[in-house]
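Observations on the model geometry
The lines below spell out each chain.
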Amino acid sequence: MKLHGIAALSLPIVLAASFVSAQKMADHPEKLTYAPLTFTPPASKDHRVVLSNGMVAYILEDRALPLVNIQVTVRAGGWLEPVGKEGLARITGAQMRAGGTKSLTAEQFDERADFLAAQISSSMGDTSAGASLNCLSDNLDDSLKLFLEMLREPRFQEDRLKLAKDQILQDMKKRNDESEAIEAREFSVLLYGDDHVSNRFSNEASINSITPADLADFHRTYYYPANMILAVSGAFTKAEMAKKLEAAFSAWPSPRRVVGLIPQGIKPAAPGVYRIQKDVNQGRVSVGLPSVMRTSPDIYALEVMNEILGGSGFTSRITKTVRSNEGLAYSAGSGIGFGTYYPGRFRAAFQSKSSTVAYALQLVFEEIRKIRETAVTEEELVTIKNNLIQTFPSNFESKAQQAGLFASDEYTKRDPLFWATYRDKIQAVTPADIQRVAKQYLVPEKMITLVVGNHAEIAKGDSKHDITVEKLATGKITELPLRDPMTMKLPKTK
């Protein structure tokens, strides 16, 4: 291609500059050097607005695209359900969006949202409820009006509710179909107890008992502006959006009700091995115990410890040992969570063919023993700390992400200094810190082990290793029957 004018004159200069850069380039990737990463997390107080009715909003401008995102967090959830109405919270959250509004049938609401190209959702979980609006900035006024009507005056259309209940009851029948679902459900029960908020399972009777009036009462009790937090981002000015929100929500009465606290107590099962029979060719295993609240000063050492042990994928010890070195599992690793309302949990888990379940479990316990008894290497420590510190800015990647994070922290009352000090506290973790928390919190004799699979086949083991689950057990071995999927009750023992 023939070049003319400025482009032709500048080409030799560009080529010369490229040649000089190539001369200075490192001859091996390990010799590459980078400028230190500098990042200051944004301060939530710079974006916090309190409306006249008490509603808190975090408002962040973002003109990258002509869009507006609004997320609402509501202090409501499954912990507020009356006994016998398990499932009410989740159905209320879903039917707010699916069941129409006071002035619009469900079908009309869907059509209106489609016409405005507005994505509107609503949901409710164990410890919080939420709703969201994503719309074009040009359609904000009409979309916000529609969104507000859903929040304030849901219709809970009876045919939509019936359809939802029918679907839930059909899905209920499948509760024991997948060993993965059984493992997740029963491990939670073992760690926290049958009556814990996270384990209040809906059943056929509770779902059938739920009426549109129940949904309306639950909504009326907990949905009001002072019980909500907004996270707003998009193409607008902060002052303009604050004015719109004030106008939209000021006419909504906002009583100052006291919402009951989320229960904090847990009732872990006794340490030992728990087995659930499932006729499958692979066994699923979870090993763990409750951890700490996120206010504990040990969370930083625990996070680094877990990343080294099993949380960082292929670089972690459990993954390398169980999957990469021995080829016993497609996925194997560990995770740790820190509680907001009740203790979090540590869990190491894997899935392996029946004959190698016991050997894989032995390897997991061996890695737990090693991290308790021997200091981690400097290479492991530096790798994990660098990864946690260098990926830290991804928590604030977009304005929508920032607004959502600020609203979540407001809802859960997180320490405002957490984000500002996180990297320094991770950097300060030492091998001695890791060994200390591993010894303190990862106590094998206190751990609960759940094995879901064909236990006759698992007991056979393999010809290479003289090990069984029974030999590894540090406590009593308990057989757990499967729950009735429609009642969630365990069968009576003889």
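Here, the structure is the one placed above.
Nothing here was measured: the structure is a model prediction, and the numbers come from that model. Residue numbers run consecutively from 1 along every chain, following the written order of its sequence. Where local features are concerned, this predicted model is filtered to residues with pLDDT of at least 70; where side-chain atom pairs are given and counted, the filter is 80 or more; whole-chain, interface and lining totals use all residues. Neither water nor hydrogens contribute to the side-chain values; these are computed over all heavy atoms in the structure.

**Some points on the overall build of the protein**
So the rule is basically this: Strands here are runs of E lasting at least two residues and helices are runs of H or I lasting at least four, both read from the DSSP assignment and numbered beginning at the N terminus. Buried residues are those whose accessible area, probed at 1.4 Å on protein chains only, stays under 20% of the maximum for their type, while exposed residues exceed 50% and partly exposed ones sit between those limits. Charge assignment: positive for Lys and Arg, negative for Asp and Glu; neither His nor the chain ends contribute. Where a charge lies is defined by one atom per residue type: Lys uses NZ, Arg uses CZ, Asp uses CG and Glu uses CD.
For the protein, the count of helices and strands is 18 helices and twelve strands. Summarising its shape, the C-alpha atoms of the protein cover approximately 80 × 70 × 50 Å along the three principal directions. By residue count, 48% of the 494 residues in the protein fall in the buried class. Across the protein, the centroid of the 60 positively charged side chains sits 2 Å from that of the 57 negatively charged ones.

**So, the pattern of salt bridges**
What counts is decided by this rule: Criterion for a salt bridge: a side-chain nitrogen of Lys or Arg within 4 Å of a carboxyl oxygen of Asp or Glu.
Here the structure, examined in full by the defined rule, presents 30 salt bridges. The shortest N-O distance in the salt bridge between Asp409 and Arg414 comes to 3.0 Å. Between Lys471 and Asp466 there is a salt bridge, with the nearest N and O atoms lying 3.0 Å from each other. As far as burial versus exposure is concerned, Lys471 and Asp466 are alike and both exposed. Taken together, the shared-partner salt bridges connect Arg97, Glu107, Asp110 and Arg160 into one network.

**Description of the sheet that holds strand β5 (residues 129-136)**
Threshold: In this description, strands pair whenever DSSP reports at least two bridges between them. Geometry is summarised by axes, namely lines fitted to C-alpha atoms with helices restricted to the contacting stretch, and by angles between N-to-C directions that run from 0 to 180 degrees. By definition, residues are in contact when any of their heavy atoms lie within 4.5 Å.
Spatial ordering of the open sheet is given by β1-β2-β6-β3-β5-β4, a layout of six strands whose pairing is mixed. Where the open sheet ends on each side, the last strands, each with one partner, are β1 (48-50) and β4 (119-124). Shown here is a sheet whose adjacent strand axes are inclined to one another by a mean of 15°, direction ignored. With respect to the sheet, helix α4 (residues 140-152) is in contact with β3 (67-74), β4 and β5, its orientation differing from that of β5 by roughly 160°.

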